[in-house]
Amino acid sequence: MSQQINRVLAILEILSDEADGLALGDISTRLGLPKSATHRVLRQLTERDYVKQDAASQRYWLTMRLAVLGFRYLSATRLNEVCQPVLDQLAQE
């Protein structure tokens, strides 16, 4: 896996634990990366709407885009069609 992909995933994982977001310096420190490299990744994630930055606090946080992708995938698996009859049976009992 490329270094860039590792950085993207690491940032997404860090931000997933921080509903209030994190400053660039905090993200950089946690990853052990230079601020410039961290900023480049955050800029790309922001351009793709995976991350937003608050203009006042300069903190970054995740958007709902990852959740939307997860729900799209879940829908494509048709898991709900398999589970619904079991859930209906449980509700009747």
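Our subject is the structure listed above.
These numbers come from a predicted model, not from an experiment.

**Q** Quick one: what's the story with the sheet that holds strand β1 (residues 22-23), residue by residue and with numbers?
**A** Taking strand neighbours across the sheet as the criterion, the three strands line up as β1-β3-β2 in an open arrangement whose pairing is antiparallel. A single partner strand is all that each edge strand has here, and the edge strands are β1 and β2 (51-53). Bridging between β1 and strand β3 (residues 59-62) involves two bridges; their strand directions are antiparallel. Residue pairing across strands places Ala23 opposite Arg59, the latter belonging to β3.

**Q** Hey, could you go over the packing of helix α1 (residues 3-16) against helix α2 (residues 24-31) for me, with residue numbers and the actual values?
**A** At a minimum axis separation of 11 Å, α1 and α2 run at an interaxial angle of 115 degrees. As for how α1 packs across α2, the hand of that crossing is right-handed. Each of Ala10, Ile11, Ile14 and Leu15 in α1 lies in contact with α2, whose residues at this interface are Ile27, Arg30 and Leu31. Across the contact of α1 with α2, the residue classes tally to six nonpolar, no polar and one charged.

Calculation criteria
Residues numbered from 1 in each chain as written. Predicted model: local features only at pLDDT ≥ 70, side-chain atom pairs only at ≥ 80, totals over all residues. Heavy atoms only, no water. Pairing = 2+ DSSP bridges. Helix = DSSP H or I, 4+ residues; strand = E, 2+ residues; numbered from the N terminus. Axes fitted to C-alpha atoms, helices over the stretch in contact; angles between N-to-C directions. Left-handed = near helix turned anticlockwise from the far one by under 90°. Contact = heavy atoms within 4.5 Å. Nonpolar A, V, L, I, M, F, W, Y, C, P; charged D, E, K, R; others polar.

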